[in-house]
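Summary of structural features
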Amino acid sequence: MRERSRPRGRREAGGGGRSAGGAASPRRERRGAPAAGGGRRPAMEEGAADLRQRKKQNCTESDKMAPEERNKENAKLGRSPKYMLIQRFAKLFFGCLAAVTSGMMYAVYLSTYHERKFWFSSRQELEREITFQGDSAIYYSFYKELLKAPSFERGVYELTHNNKTVSLKTINAVQQMTLYPELIASVLYQASGSEEVIEPVYFYIGIVFGLQGIYVTALFVTSWVMSGTWLAGMLTVAWFIINRTDTTRIDYSIPSRENWALPYFACQVAALTGYLKKTLNCSAEKFCYLLVSASTYTFMMMWEYSHYLLFVQAVSLFLLDSFALAQTEKVHEVYKIYLFSLFLGYLLQFENSALLVSPLLSLVAALMLSKCLQMNMKKGTFMSRLLKIMYIYLVLTITVTLNFLLKMFVPHKENEHLLKFIEVKLGLNTTKMKYLWTPYVCMLAAFGVCSPELWMTLFKWLRLKAVHPILLALILSMAVPTIIGFSLWKEFFPRIMTELSELQEFYDPDTVELMTWIKRQAPVAAVFAGSPQLMGVIKLCTGWMVSSLPLYNDDDLLKRNENIYQIYSKRSAEDIYKILTSYKANFLVIEDSICNEVGPVRGCRVKDLLDIANGHVVCEEGDSYAYSKYGRFCHEIKMNYSPYVNYFTRVYWNRSYFVYRINTVISFQS
């Protein structure tokens, strides 16, 4: 009877107001009923429901109120809604056209510059492949193997169980070298039927150049969204191209992972910038959210260092949220995207433990846990106020503790070598990593010049009274970037055209002769030893097995590289022979450029570093020099005397390379 009479009572209350006994409204009855029963709804569920309801209300209210406010403003200015609609459409159309055109022109510029630099179209396949150096050669060699495989599934299996690249070692090349770009490129090349239209190498570098165009377009859009004018985007693109040596590494190694990954990160930044804007309708917000999700995950799959860059971004979002400069609900939605991308990346990257112990996962987990504690805490209490004050300290403490615990229980040797590579190879030197932040410096500089809001803030701070600050800000936000643009055009456009018109020469006959000799004279089952950079080129151009690779995330490969580099140290012939035969090497390649290297700074050459590591450096009276009872191996082996001729036999040489066969039967006859 109670359940049936309760709705009727509500209708009566709604029709006739409160009863004589002061009956409460239906909302109060619902809130008071559980209390009468002795129970209470959990605070966490209430908080989550309030967040969802508030988000839904804000979305619908913004969709309803925005047209009304615009119509009122247009009525005050004497403009019709139709006129404003045409104006907005024209601004959007020309802005998008400028963004897409900028990206396409930059991709064409890179392609033209690459052709002028290497004469790519007029060279044979071997000469084209030699332009890929070091790890870039390895990446492209696996792309070739995928295209040669009888099926895509067979090609992927051979890469994940690869025993034809490094001697005495089976590697999962997809996991260790992050070969997802090559998998995608090979699928697109075969699925699009491009075999009869374009050569594989042109298709491969064309994708990379296209991604660089998307990179520029994304920077354009980000600056446009921040400033409100697409003039900022044009200025960003101009500064990006002018500072190309600092904004990209496309000149040095086309297949490098960052050239594949950073365009997706730029798209993520553009979508995230739009998503965090407060004046955004529901459709645009959903589109930005989906684009942030897709680009975050793709960026994480393309580059093994991506989670470190996303960690820096997460810290920035955390600070914005802490100082109430961004909407908390949206920031926490981005945190969920991070978690989803890490989880999916962990599964699809063959349970990559580096993602589990990454600082990004620890930080996001700490932020979510701290948020749950805040929502579960009763408002107005001393603990809730203390938690609000100590929020930043709490997040940092949980992050450090959680990361420490994960590293204790999760095997993460690969992640340690990743950090070691960053610290030793890059030295945490910002000048060597400037291609990561310089594009965004260009973008922020353009935003600062073109944003009317920043100009108004500056004028209000200066307290200008002669001219109205709003009018002056609008004028300067248009005039200053226009003047800068014309000055850049006048100074740098002739330089760019001169750069494209110059016919450069890239010709390496010694390397071509070496690769030709290997393909014609070396046995198919031969294993070559030498510097990791040269081994990558040998693997690409000949397909022969090598003893080392230019990789820095594997313990065994790092040790191999260190040991094989001893051919340029002051070690005995017997020591070098034992090292090479332990890796089943049949041929040794000595590079004259390393052996006779004359660096600008003494102590930084390969042979100097080896002498220091081997303890062959003696310091006396402020001077240091190398000392050992053995001569430098790469010099002594060229003399053709015992005991070097007993272990090694020279079979080929030119101006740059000396190739020695490693003897299986050692003869000590003088």
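Everything discussed here concerns the structure shown above.
Considering the overall build of the protein chain
- Looking only at helices and strands, the protein chain has 32 helices and 7 strands in total.
- Of all 670 residues assigned to the protein chain, the portion counted as buried reaches 43%.
- Sequence-distant contacts, at least 24 apart, represent 69% of the contacts inside the protein chain between residues at least 6 apart.
- Approximately 36,800 Å² of the protein chain is accessible, and the part contributed by carbon and sulfur atoms is 61%.

Quick word on the nonpolar core
- In terms of nonpolar packing, the biggest core is built from 120 residues, with Trp303, Tyr338, Leu514 and Phe528 touching the most fellow members.
- When near neighbours in sequence (up to four residues on either side) are disregarded, Leu514 contacts Leu534, Val589, Tyr652, Asn654, Tyr657 and Val659.
- Ranked by size, the runner-up nonpolar core spans 26 residues in total, among them Ala529, Ile564, Tyr644 and Phe658.

Some points on the environment of Met177
- Examined against the element boundaries, Met177 turns out to sit in helix α8 (residues 173–177).
- Each residue touching Met177, except ones within four places of it in the same chain, is listed here: Ile138, Tyr139, Phe142, Arg257 and Leu551.

Digging into the state of the cysteines
- The full count for this structure, using the stated rule, is 1 disulfide.
- Here Cys595 is linked by a disulfide to Cys634, with a sulfur-sulfur distance of 2.1 Å. Negative torsions about the S-S bond denote left-handed disulfides, and the value of about 85 degrees found for Cys595 with Cys634 makes this one right-handed. Remark: Cys634 occurs in helix α31 (residues 633–636) and Cys595 occurs in helix α29 (residues 592–595); sequence separation between them is 39 residues.
- Residue classification places Cys634 among the buried residues on the basis of a relative accessible area of 0%.

Quick notes on unusual backbone geometry
- Geometrically, the link from Ser642 to Pro643 is a cis peptide bond, its omega value of 10 degrees lying close to zero.
- For Pro643, the location among the structural elements is in the loop between α31 and α32 (644–647).
- One non-glycine residue with positive phi stands out, namely Ala324, at about 60 degrees.
- If you trace the backbone, Ala324 turns up in the loop between α15 (306–322) and α16 (328–348).
- For Ala324, a relative accessible area of 62% puts it in the exposed group.
- In this structure, Phe350 is a non-glycine residue whose phi angle is positive, near 60 degrees.
- Tracing the backbone through its elements, the reader meets Phe350 in the loop between α16 and α17 (353–356).
- On the accessibility criterion, Phe350 (37% relative accessible area) is partly exposed.

The rules behind the values
- Residues numbered from 1 in each chain as written.
- Predicted model: local features only at pLDDT ≥ 70, side-chain atom pairs only at ≥ 80, totals over all residues.
- Heavy atoms only, no water.
- Helix = DSSP H or I, 4+ residues; strand = E, 2+ residues; numbered from the N terminus.
- Buried < 20%, exposed > 50% of the residue type's maximum accessible area, 1.4 Å probe, protein only.
- Contact = heavy atoms within 4.5 Å.
- Areas by Shrake-Rupley, 256 points an atom, 1.4 Å probe, with all protein chains shown as cover.
- Core = buried A, V, L, I, M, F, W, Y, C linked by side-chain atoms within 4.5 Å.
- Disulfide = S-S within 2.5 Å.

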